[in-house]
Amino acid sequence: MASNLNCSIEGNKKECRGALIVLEGLDRSGKSSQCSRLVSYLEGQGIHAELWRFPDRTTNVGQMLSAYLTNASQLDDHTIHLLFSANRWEKRSLMENKLKTGTTLIVDRYSYSGVAFSAAKGLDIQWCKAPEIGLLAPDLVAYLDISPEKAAERGGYGNERYEKLEFQKKVAESYRALHDVSWKVVDACQPIEDVEKELQEVVVDCVTECHKGKPISTLWYQ
Ligand code: DGP
């Protein structure tokens, strides 16, 4: 089955694009490890995949975000929200090119983090969603589900701005308000290999659908 997914675009005959797959969840839910594992797995199956993450701290905007997250700078909540969104917008056309030329993107956080973290501060959820309109819609959102308390037990948080139990509880509430039935919710408290296996199955199905020509769409769905 895997080799059938290895798409060839020779002669531009075969409809083939990569999938946009987003992993979301609280801090310490295991997203980053699972994203890396997924990319290795897909590559092993002959599916070209890249690991992406937001915020992308390498750009000018990303450096402002990094300074904010490490408490080196202070910014109004609305301002930082728009900067997080800008950080996704500055990558939009590259993402689209990658997808169209057959690369599957495994993305560690996306617009859902943008909305969940700002709504957790009390900003209106519709206002938070607005700047994300027109970004590429993921073909799959996988949510690594863990309680804030359990996540906090995992080796502790670092020193960044949002890594506090009380705030993570509010983020969890925002994710609950934001999620819909299309999300694949995975119990992140299972052994790491079980989480990995569950993700592999849905991701391969999603990549297959995209290779068959599922159109690229934009946010938001509803
Ligand atoms: P990470 O590099 O995944 O550890 O993310 C850094 C922190 O930034 C983490 O606490 C989650 C938060 N974050 C990620 N994306 C966004 C966003 O779009 N908006 C806001 N407000 N916070 C975000």
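Residues numbered from 1 in each chain as written. Predicted model: local features only at pLDDT ≥ 70, side-chain atom pairs only at ≥ 80, totals over all residues. Heavy atoms only, no water.

Applied cut-off: UniProt positions are given in the numbering used here, feature names are shortened, and annotations may be inferred rather than shown by experiment.
The protein appears in an unreviewed UniProt entry as Thymidylate kinase from Lupinus angustifolius. Recorded under Pathway (unreviewed entry), the UniProt text for the protein is reproduced unchanged: "Pyrimidine metabolism; dTTP biosynthesis."

### Details of the sheet that holds strand S4 (residues 140-145)
Sheet strands pair by backbone hydrogen bonding; their relative direction is either parallel or antiparallel. Rule in force here: For two strands to count as paired, DSSP must find a minimum of two bridges between them. Under the DSSP-based scheme used, a helix requires at least four consecutive residues in state H or I and a strand at least two consecutive residues in state E, with every element numbered from the N terminus. To define axes, lines are fitted to C-alpha atoms, for helices over the stretch in contact only, and angles between the resulting N-to-C directions are given on a 0 to 180 degree scale. Note on contacts: a residue pair is in contact if any heavy atoms of the two residues lie within 4.5 Å.
One open sheet accounts for 5 strands, arranged S2-S3-S1-S4-S5; its pairing is parallel. In the strand order of this sheet, the two ends are held by strand S2 (49-53) and strand S5 (184-187), each with one partner. Going across the sheet, the axis of each strand differs from the next one's by a mean of 20°, ignoring polarity. Here helix H9 (residues 192-211) sits on the sheet in contact with strand S1 (20-25), strand S3 (104-108), S4 and S5, set at roughly 165° to S5.

### With respect to the packing of helix H1 (residues 31-44) against H9
For clarity, the cut-off: Each angle gets one of four labels, with under 35 degrees taken as roughly parallel, over 145 as roughly antiparallel, 65 to 115 as roughly perpendicular, and the rest as oblique. Take the far helix as your reference; a near helix turned counterclockwise from it by less than a right angle gives a left-handed crossing, and one turned clockwise gives a right-handed crossing. Three categories are distinguished: nonpolar for Ala, Val, Leu, Ile, Met, Phe, Trp, Tyr, Cys and Pro, charged for Asp, Glu, Lys and Arg, and polar for the others, with Gly belonging to the last.
Following both chains from N to C, one finds H1 and H9 inclined at 55°, their axes separated by 10 Å at the closest point. Accordingly, the angle class assigned to the pair H1 and H9 is oblique. For H1 against H9, the interelement crossing comes out right-handed. In this structure, H1 uses Ser33, Gln34, Arg37, Leu38, Tyr41 and Leu42 to contact H9, whose residues at the interface are Ile192, Val195, Glu196, Leu199, Gln200, Val203 and Val204. Among the residues making up the contact of H1 with H9, the classes are represented as 8 nonpolar, 3 polar and 2 charged.

### Here we look at helix H5 (residues 111-119)
The α-helix advances 3.6 residues per turn, and as a result positions three or four apart in sequence lie on the same side. Note the cut-off: For the exposure calls, accessible area comes from a 1.4 Å probe over protein chains only, and a residue counts as buried if that area is under 20% of its type's maximum, exposed if over 50%, partly exposed in between.
Counting buried residues along H5, 9 of its 9 residues qualify, which places the element largely inside the surrounding structure. What H5 keeps buried is the set Ser111, Tyr112, Ser113, Gly114, Val115, Ala116, Phe117, Ser118 and Ala119.

### Overview of the UniProt feature "domain: Thymidylate kinase-like" (unreviewed entry) in the protein
Under the UniProt annotation, the feature "domain: Thymidylate kinase-like" (unreviewed entry) is placed at residues 23-198. A distance of 13 Å separates the end C-alpha atoms of residues 23-198, which is 49% helix and 13% strand.

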